[in-house]
Amino acid sequence: KQVLRFGIVLYGVRLTFQQVLQVGLPAIVVDCVVVCGTLLLGIVVGKLLRMDSATTLLTSTGSAIGGAAAVLGAEPIVQAAPHKTTVAVTTVVIFGTLSMFLYPTIYRVGLLDLDARAMAIYTGSTLHEVAHVVGAGNAMDPSGRLGIADTATITKMIRVILLAPVLLVISMLLSGKGADKSKPKISVPWFALLFLAVIVFNSLL
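Only a predicted model underlies this, so the values are computations on that prediction, with no experimental measurement involved.

Student: Any details on the overall build of the chain? Residues and values, ideally.
Tutor: Helices and strands together make up the secondary structure of the chain, namely nine helices and zero strands. In the chain, the order of α-helices and β-strands from amino to carboxyl end is α-α-α-α-α-α-α-α-α. A compact globule built from 205 residues should have a C-alpha radius of gyration of about 17 Å, and the chain, at 17 Å, falls within 12% of that. Each of the three principal axes of the chain carries a C-alpha extent, and together these read 55 × 40 × 30 Å. Among the 205 residues that make up the chain, the fraction classed as buried is 43%. Long-range pairs, those at least 24 residues apart, make up 76% of the contacts in the chain between residues at least 6 apart in sequence. Measuring between centres, the 15 positive side-chain charges of the chain sit 7 Å from its 9 negative side-chain charges.

If you want it as structure tokens, here you go:
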């Protein structure tokens, strides 16, 4: 996990702040809609399937923000049993990996009527892990000429940064429930902030 996060930070060397500004508002809006929609949909589906609230919240957070890191970030907030965390991580990783292979196929076949930039934003805002986004983006655009991987990664990292406010909201919503009133530590996605710092440094150079 730590090695992967360090790799994500170094990936910022390939990007510039100018590219972030170009992606800008559309990516932020789409990310916010996807995160909020996925969380709400996950909670509703969890209730329909009669899943326990801890597994539902962990799986929804992992799907909305992206990957095992989001699940592990939410774990101390939800205070879930280890096996429930394992279920959430496994679910997110399996579906994310399947989507990493599915998205390039959908793009090549033309099943979705999206141009390269729109497909990049769609990929970054919906795939689970950062590694899934990078893999799918490079598969769709091996030469990098269309910039799909870069745009998708920036979009995805905006999602990752949303982990902090989402965890704060979950913490506040759960603070009045249960007997344990202790304040759990919120996991800040430090690698996302370092990723952006590397982009800024690279832009200045």
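Moving on from the coordinates now.
Student: Can you tell me about helix α5 (residues 116–126), naming the residues and giving the values?
Tutor: All buried positions along α5 are accounted for by A116, M119, A120, I121, T123, G124 and S125. Its buried side turned inward, α5 meets α2 (17–48), α4 (82–109), α6 (130–140) and α7 (148–161).

Student: How would you summarise α4 if you had to cite specific residues and measurements?
Tutor: Owing to its 3.6 residues per turn, the α-helix aligns residues three or four sequence positions apart on the same side. Helix length check: α4 (28 residues) gives 41 Å between terminal C-alpha atoms against 40 Å at 1.5 Å per residue, within 8%. The largest bend along α4 measures about 25° and falls at M100, with the proline P104 one to four residues further on. Burial in α4 covers these residues: T85, A88, V92, G96, S99, M100, Y103, P104 and I106. Summarising the contacts, the buried residues of α4 are in contact with α3 (53–78), α5 and α6. Count one or two residues on from α4 and you reach G110, which has phi positive near 85°.

Student: Hey, could you go over the state of the cysteines for me, with residue numbers and the actual values?
Tutor: Taken as a whole and judged by the stated rule, the model has zero disulfides. The thiol sulfur of C32 is not disulfide-bonded, and the nearest other cysteine sulfur, from C36, lies at 6.3 Å. Among the residues examined, C32 registers a relative accessible area of 33% and is labelled partly exposed.

Student: Which residues make up the pattern of salt bridges, and what are the values?
Tutor: This structure, assessed with the given rule, holds one salt bridge. With a shortest N-O distance of 3.4 Å, K84 and D52 are connected by a salt bridge. Taken as a pair, K84 in helix α4 and D52 in the loop between α2 and α3 lie far apart in primary sequence, 32 residues in all. Here K84 falls in the partly exposed class, since its relative accessible area comes to 22%.

Student: Describe unusual backbone geometry, and please don't skip the residues or the numbers.
Tutor: For R50, which is not a glycine, the phi torsion comes out positive at approximately 60°. Mapped onto the elements, R50 comes out in the loop between α2 and α3. Positive phi is not limited to glycine here, since Q79 has a value of about 60°. Mapped onto the secondary structure, Q79 falls in the loop between α3 and α4.

Calculation notes
- Residues numbered from 1 in each chain as written.
- Predicted model: local features only at pLDDT ≥ 70, side-chain atom pairs only at ≥ 80, totals over all residues.
- Heavy atoms only, no water.
- Helix = DSSP H or I, 4+ residues; strand = E, 2+ residues; numbered from the N terminus.
- Rg over C-alpha atoms; globule rule 2.2 N^0.38 Å.
- Buried < 20%, exposed > 50% of the residue type's maximum accessible area, 1.4 Å probe, protein only.
- Contact = heavy atoms within 4.5 Å.
- Lys, Arg positive; Asp, Glu negative; His and termini not counted.
- Charge placed at Lys NZ, Arg CZ, Asp CG, Glu CD.
- Expected span 1.5 Å × (residues − 1).
- Bend = angle between axes of the 7 residues up to and from the residue.
- Disulfide = S-S within 2.5 Å.
- Salt bridge = Lys/Arg side-chain N within 4 Å of Asp/Glu carboxyl O.

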